[in-house]
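# Fold and geometry: a report
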Amino acid sequence: MKWLQSYPREVKIFLVASLISSAGGSLMWPLITMFVFKVLGRTVTDAGLVILVMSLGGIAGQVLGGSLYHKLGVKKLIVGGVGLYAMFLLLLPYGSGNWSLFIVLMGLVGFFNAMSMPAIQAFIGFRFAERRGELFNVIYVANNIGVALGTALSGFLAQISYNMSFTLNGLVSAGFALFFWFYLNKVQKSEGEVQLAKRKTTPEGQDTWRLLGRYNVYLFMGIGSFFLWLGNCIWNNGVSPFTMSRGMPEWNYSILWTLNGILIFVGQPFILWIKRTFAGSSEAQLTASAIFYFLGYVTMLCFPTYPSMVAAMILTTFGEMLISPAIPSFISDRTGKAAPFYLGVVGGMGAAGKVVGPYAMGVLFDWNGFVPVAWLAVIISVLSVSAFVIHSSLNKNARGKLADSI
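Heads up: these notes are all about the structure in this document. From a predicted model like this one, the values you see are computed outputs, not experimental measurements.

Definitions and cut-offs
- Residues numbered from 1 in each chain as written.
- Predicted model: local features only at pLDDT ≥ 70, side-chain atom pairs only at ≥ 80, totals over all residues.
- Heavy atoms only, no water.
- Helix = DSSP H or I, 4+ residues; strand = E, 2+ residues; numbered from the N terminus.
- Buried < 20%, exposed > 50% of the residue type's maximum accessible area, 1.4 Å probe, protein only.
- Contact = heavy atoms within 4.5 Å.
- Areas by Shrake-Rupley, 256 points an atom, 1.4 Å probe, with all protein chains shown as cover.
- Core = buried A, V, L, I, M, F, W, Y, C linked by side-chain atoms within 4.5 Å.
- Domains from an automatic or database assignment.
- Phe/Tyr/Trp six-rings, centres within 6.5 Å; stacked < 30°, edge-to-face > 60°.
- Lys NZ or Arg CZ within 6 Å of the ring centre and 35° of its normal.
- Axes fitted to C-alpha atoms, helices over the stretch in contact; angles between N-to-C directions.
- Parallel < 35°, antiparallel > 145°, perpendicular 65-115°, else oblique.
- Left-handed = near helix turned anticlockwise from the far one by under 90°.
- Nonpolar A, V, L, I, M, F, W, Y, C, P; charged D, E, K, R; others polar.
- Patch = residues over 30% accessible without salt bridge, like charges linked within 9 Å, V, L, I, M, F, W, Y side chains within 5 Å.
- Salt bridge = Lys/Arg side-chain N within 4 Å of Asp/Glu carboxyl O.
- Lys, Arg positive; Asp, Glu negative; His and termini not counted.
- Expected span 1.5 Å × (residues − 1).

The secondary structure content of the chain amounts to 19 helices and 0 strands. By residue count, 53% of the 406 residues in the chain fall in the buried class. When contacts within the chain are restricted to residue pairs at least 6 apart in sequence, those whose partners lie at least 24 apart make up 83%. Split by element, the accessible area of the chain, about 17900 Å² in all, is 67% carbon and sulfur.

So, in structure tokens, the structure goes:
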């Protein structure tokens, strides 16, 4: 691939490791509901409880991980978080016989998986500062290729053994932790601790409240992310039951996500054109992202048919491709040494939308089918656009000043 040739060998190795890690991580998540329902013999409500606990653990992990970056340093936080995530994944097959223990393990899996995310994003922003924007995008693409590969393997592995999926995921994650151990040791020997973690005054105590007081940096971006990811739950809690209620085969729904994965890879030239033409800044990319989501949900609301859902998937995938690299890029550019803290806070706010969305949309679908779910998604996307517009207006005159003042 010609676009990879411009990156140094270090970046290419990092991309391959990220792809393998995301492939391993995606092996298990599509199977949780089926595992709880078919193997453990629990109800679908119980499966929802497991996902809720895992999601809440993820919120706590993102917020705490961002706060601990300067206390623990990048190596301890990333290697420790990914290593403990791998350990609890490997323990899942042994804890599945005890329902309470299984729930606790799933909460810990969600917690430690999310705990390392702000640290990895912050490390990329610090280490590759000159090209962090494009690198966040390339890593996002690599991760989604990994997700596509992992999801494709998950069904095959489930036919053999669900526990094999857990074990394989744990082993891949353990390998990712080892990769970071050797990689960060090498960087530390050649460049020192300062280049690794940018260790300065730890944001804690009153400093934490001071950071939270700078609401223009994170608050409306976090609110916009909350609404955006809440609305995005329409795919699992609106489109999925809609296709089943219309008697469509399961592959009709699966093909939507296949389309999502293909577009993330082949749609990069269009996204680059959007950035060059309409959305040059990270703030503009956030607003453009929410507009794409809004257009997708309006399409489904006005024409509740399968072809319109294909069109909506195309539109919302473009929105996803804009927002995913824009958030870490904006925070890394604007917040200096406090970037891990804000990455954790904004990531936690976005994850909260994924917790609220399934229940809210499930209730609406049970009440009156797909239409009220689509209305909720449209209204929420308007709120998301509004939040990102406010975020943009609050930060349009702060370029280059904020990082020095935090």
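For the rest of this paragraph, the subject is the nonpolar core. Core analysis: the largest hydrophobic core is formed by 95 residues, its most contacted members being Phe180 and Ile234. Looking at this core, you find at least three residues from each of domain 1 (10-189) and domain 2 (214-401). Among the nonpolar cores identified, the runner-up in size contains 12 residues, and Ile271, Ile274, Phe318 and Leu322 belong to it.

Considering the arrangement of structural elements, one finds tyrosine 94 in helix H4 (residues 74-95). Its relative accessible area of 72% is what places tyrosine 94 among the exposed residues. When the C-alpha atoms of tyrosine 94 and asparagine 163 are compared, they prove to be 9.2 Å apart, with 69 residues separating the residues in sequence.

On to the packing of aromatic side chains, then. Taken as a whole, this structure holds 17 aromatic pairs when the rule is applied. Pairing phenylalanine 88 with phenylalanine 112 gives two aromatic rings, centres 5.7 Å apart and planes at 15 degrees, and the pair type is stacked. Residue phenylalanine 88 is found in helix H4, and its partner phenylalanine 112 is found in helix H5 (residues 99-115); the two are separated by 24 residues along the sequence. When its relative accessible area of 13% is taken as the criterion, phenylalanine 112 is described as buried. Taking 5.1 Å as the distance between ring centres and 45 degrees as the angle between the ring planes, the aromatic pair formed by phenylalanine 242 and phenylalanine 370 counts as tilted. Of this pair, phenylalanine 242 sits in helix H12 (residues 234-245) while phenylalanine 370 sits in helix H18 (residues 370-395), and the two are 128 residues apart along the sequence. Phenylalanine 370 matches phenylalanine 242 in its accessibility class, with the two residues each being buried. Here lysine 75 stacks its cationic end above the ring of tryptophan 181, 5.0 Å away from the centre of that ring. Across the ring face of tryptophan 229, the terminal group of lysine 354 is positioned such that the distance to the ring centre comes to 5.0 Å.

For the pair helix H11 (residues 215-231) and helix H17 (residues 339-368), the least separation of the axes is 7 Å and the interaxial angle reads 30 degrees. It follows that H11 is roughly parallel to H17 by the angle criterion. With respect to the hand of their crossing, H11 and H17 are arranged in right-handed fashion. Each of Val217, Tyr218, Leu219, Met221, Gly222, Ile223, Ser225, Phe226, Trp229, Leu230 and Gly231 in H11 lies in contact with H17, whose residues at this interface are Tyr342, Val345, Val346, Met349, Gly350, Ala352, Gly353, Lys354, Val356, Gly357 and Met361. A per-class count over the contact of H11 with H17 returns 15 nonpolar, 6 polar and 1 charged.

Taken together, the side chains of Leu84, Met87, Leu91 and Tyr94 make up a nonpolar region of the molecular surface, amounting to roughly 410 Å² of accessible area. Position of leucine 84 relative to the elements: it lies in helix H4. Residue leucine 84 is classed as partly exposed on the basis of its relative accessible area of 31%.

Following the sequence through the fold, glutamate 320 ends up in helix H16 (residues 306-335). Although glutamate 320 is buried, it makes no salt bridge; lysine 354 carries the closest opposite charge, 8.8 Å away. Sequence-distant contacts of glutamate 320, defined by excluding residues within four places in its chain, comprise Tyr140, Asn144, Asn260, Ile264, Ser289, Tyr293 and Pro325.

With respect to the helices and strands, the residue glycine 267 is situated in the loop between helix H13 (250-266) and helix H14 (268-277). For glycine 267, a relative accessible area of 6% puts it in the buried group. As a C-alpha pair, glycine 267 and phenylalanine 318 span 51 residues in sequence and 7.9 Å in three-dimensional space. For glycine 267, the residues in contact, after removing those within four places along its chain, are Ile262 and Met321.

Before going further, it helps to examine helix H15 (residues 282-302). With 21 residues, H15 ought to run about 30 Å at 1.5 Å a step, and its terminal C-alpha atoms sit 31 Å apart, in line with that. For H15, a buried count of 15 out of 21 residues is recorded, marking the element as mostly surrounded by other parts of the structure.

Orientation of helix H6 (residues 117-127) relative to H17, taken along the N-to-C sense of each, is 140 degrees, at an axis distance of 9 Å. The orientation of H6 relative to H17 falls into the category oblique. In the crossing of H6 with H17, the sense of the turn from one axis to the other is right-handed. In contact with Pro118, Gln121, Ala122 and Phe126 of H6, H17 contributes Ala339, Pro340, Leu343 and Gly344.

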